[in-house]
Amino acid sequence: MDSDHQRGTSWQDRAACRGQATADHDPWFPEGKGADTAAAIAEAKAVCERCPVRAPCLELALAEGHRSGVWGGLGTQARKELAKARHQGADAAQA
Ligand code: SF4
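Note that the structure is predicted; figures quoted are calculated from it, not measured. (Residues numbered from 1 in each chain as written. Predicted model: local features only at pLDDT ≥ 70, side-chain atom pairs only at ≥ 80, totals over all residues. Heavy atoms only, no water.)

### What about helix α1 (residues 35–49)?
The following threshold applies: In this description a helix means any DSSP run of H or I spanning at least four residues, a strand means any run of E spanning at least two, and both kinds are numbered starting from the N terminus. For a helix, the expected span equals 1.5 Å multiplied by the number of residues minus one. The rule is simple: take the accessible area with a 1.4 Å probe, protein chains only, and divide by the maximum for that residue type; under 20% is buried, over 50% is exposed, in between is partly exposed. Directions pointing from the helix axis toward each C-beta atom define the arc. Any two residues whose heavy atoms approach within 4.5 Å at even a single point are treated as in contact.
If you check α1, its first and last C-alpha atoms are 21 Å apart, about what 15 residues at 1.5 Å a residue would give, namely 21 Å. The set of residues buried in α1 consists of Thr37, Ala40, Ala44, Val47 and Cys48. Here the buried residues of α1 occupy an arc of 105 degrees about the axis, which is enough to place them on one side. Exposed side of α1, more than 90 degrees from the buried face: Ala35 and Glu49 are the residues found there. Tucked inside the fold, the buried residues of α1 contact α2 (54–64).

### What to know about the side chain of Thr37
Quick reminder of the rule: Pairs of N or O atoms within 3.5 Å make up the polar contacts considered here, provided that, within protein, one atom can donate a hydrogen while the other can accept it, and that residues adjacent in sequence are counted only when both atoms are side-chain atoms.
Looking at where Thr37 falls in the secondary structure, it is placed in helix α1. Residue class for Thr37 comes out buried when judged on its relative accessible area of 10%. Within the local environment of Thr37, its side chain forms a polar contact with the backbone oxygen of Glu31, the two atoms lying 3.1 Å apart.

### Let's talk about the pattern of salt bridges
This is how it is decided: Salt bridge, as used here, is a side-chain nitrogen of Lys or Arg placed within 4 Å of a carboxyl oxygen of Asp or Glu.
Applying the stated criterion to the full structure yields three salt bridges. Note that Arg18 is salt-bridged to Asp13, the shortest N-O span being 3.8 Å. Taking the relative accessible area as the measure of exposure, Asp13 reaches 41% and is therefore partly exposed. The salt bridge partner of Arg86 is Glu59, with a shortest N-O separation of 2.7 Å. Taken as a pair, Arg86 in helix α3 (residues 76–94) and Glu59 in helix α2 lie far apart in primary sequence, 27 residues in all.

### Details of the packing of α2 against α3
For clarity, the cut-off: Between N-to-C directions, angles span 0 to 180 degrees; the directions come from axes that are lines fitted to C-alpha atoms, helices contributing only their stretch in contact. In these notes the angle categories are as follows: under 35 degrees is roughly parallel, over 145 is roughly antiparallel, 65 to 115 is roughly perpendicular, and the rest is oblique.
For the pair α2 and α3, interaxial distance at closest approach is 11 Å and the crossing angle is 75 degrees. What the angle tells us is that α2 and α3 run roughly perpendicular. Along the contact surface, α2 presents Leu58, Glu59, Ala61 and Leu62, while α3 presents Arg79, Leu82, Ala83 and Arg86.

### Observations regarding the nonpolar core
Rules: Only buried residues count toward a nonpolar core. Its members are Ala, Val, Leu, Ile, Met, Phe, Trp, Tyr and Cys residues joined through side-chain atoms within 4.5 Å.
Counting 16 residues, the largest nonpolar core has Trp11, Trp28, Val53, Val70 and Trp71 as the members making the most contacts within it. At the level of secondary structure, the elements contributing two or more residues to this core comprise α1 and α2.

### A closer look at the environment of Leu58
Take Leu58: it is sitting in helix α2. For Leu58, a relative accessible area of 12% corresponds to the buried category. Ignoring anything within four residues of it in the chain, the contact list for Leu58 reads Trp71, Gly72, Leu74, Arg79 and Leu82.

Structure follows, in structure tokens:
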């Protein structure tokens, strides 16, 4: 089973996470909280670190507003902070 990151575009074909997620274990979209979830997220981020398409993955998540999961090596909170910083930067540039 592929994760939500893989939908058939050319860059997604090169995703390091391709084929890594299973129905029983998807570290990019772990459920719940606690140590097991933290370990799964760390596992996902370690794969993202060596992914050749990290940048477009992150941009897709930001453009589409994905709130859950690990995208482009960033978790939910980090993406939220990045989006906020970009928005503030855009506002400052327009002022
Ligand atoms: S950056 Fe991470 S989540 Fe995105 S395609 Fe690569 S391995 Fe998958």
